Every structure is written in C-alpha cells, then in structure tokens.
Amino acid sequence: MLYYALVFLVVAIIAGVLGFGGIAGASAGIAQVLFFLFLAFLVISLVLNFVRKV
C-alpha cells in the first residue's frame, strides 16, 4: 500500500511539473489517503502484535 502511495505521489509531482493541475490534485489526494490508510494499518498491526505477546 505504501508503494502505491509513493507511485501516486510521483505521478502527482510529474503531472504538476507538466501543468496538469487536475490530474496532479487527484493523484496527490489518492496518495494522501493511501498513506494514512497505511499508517492506520501499521498502528493496528503493532498494537495487535504487542497484545498478542503479552
């Protein structure tokens, strides 16, 4: 999931440099959502791993 967030971030940067504002905004939004989903799953995984060991 983090890989896809980085891919959309790169697409957003390239589209922004080339002047495609709509595509850049959409790609940046998708990258942001995927990154926060990744962080949420990471925290949930760490908490469940800690609870399982205790």
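Counting restarts for each chain: residues are numbered from 1 in the order of the written sequence. Local features are withheld for residues below a pLDDT of 70 in this predicted model, meaning they are given only at 70 or higher, and side-chain atom pairs are given and counted only at 80 or more; totals for whole chains, interfaces and linings count all residues. Only hydrogens and water are removed before side-chain values are computed, so all heavy atoms of the structure are retained for them.

Looking up the protein in an unreviewed UniProt entry gives the name UPF0391 membrane protein GTW23_19225, with the organism given as Hoeflea alexandrii. UniProt positions are given in the numbering used here, feature names are shortened, and annotations may be inferred rather than shown by experiment. Taken from UniProt, the Subcellular location (unreviewed entry) comment for the protein reads in full: "Cell membrane". Comment text from UniProt for the protein, heading Sequence similarities (unreviewed entry), reads "Belongs to the UPF0391 family."

(A) Inspection of the UniProt feature "transmembrane region" (unreviewed entry) in the protein at higher detail. The UniProt record marks residues 29–51 with the feature "transmembrane region" (unreviewed entry), using the residue numbering of this structure. By definition, any uninterrupted DSSP run of H or I lasting at least four residues is a helix, any uninterrupted run of E lasting at least two residues is a strand, and each is numbered from the N terminus. The straight-line gap between the two end C-alpha atoms of residues 29–51 is 33 Å; of that span, 100% is helix and 0% is strand.

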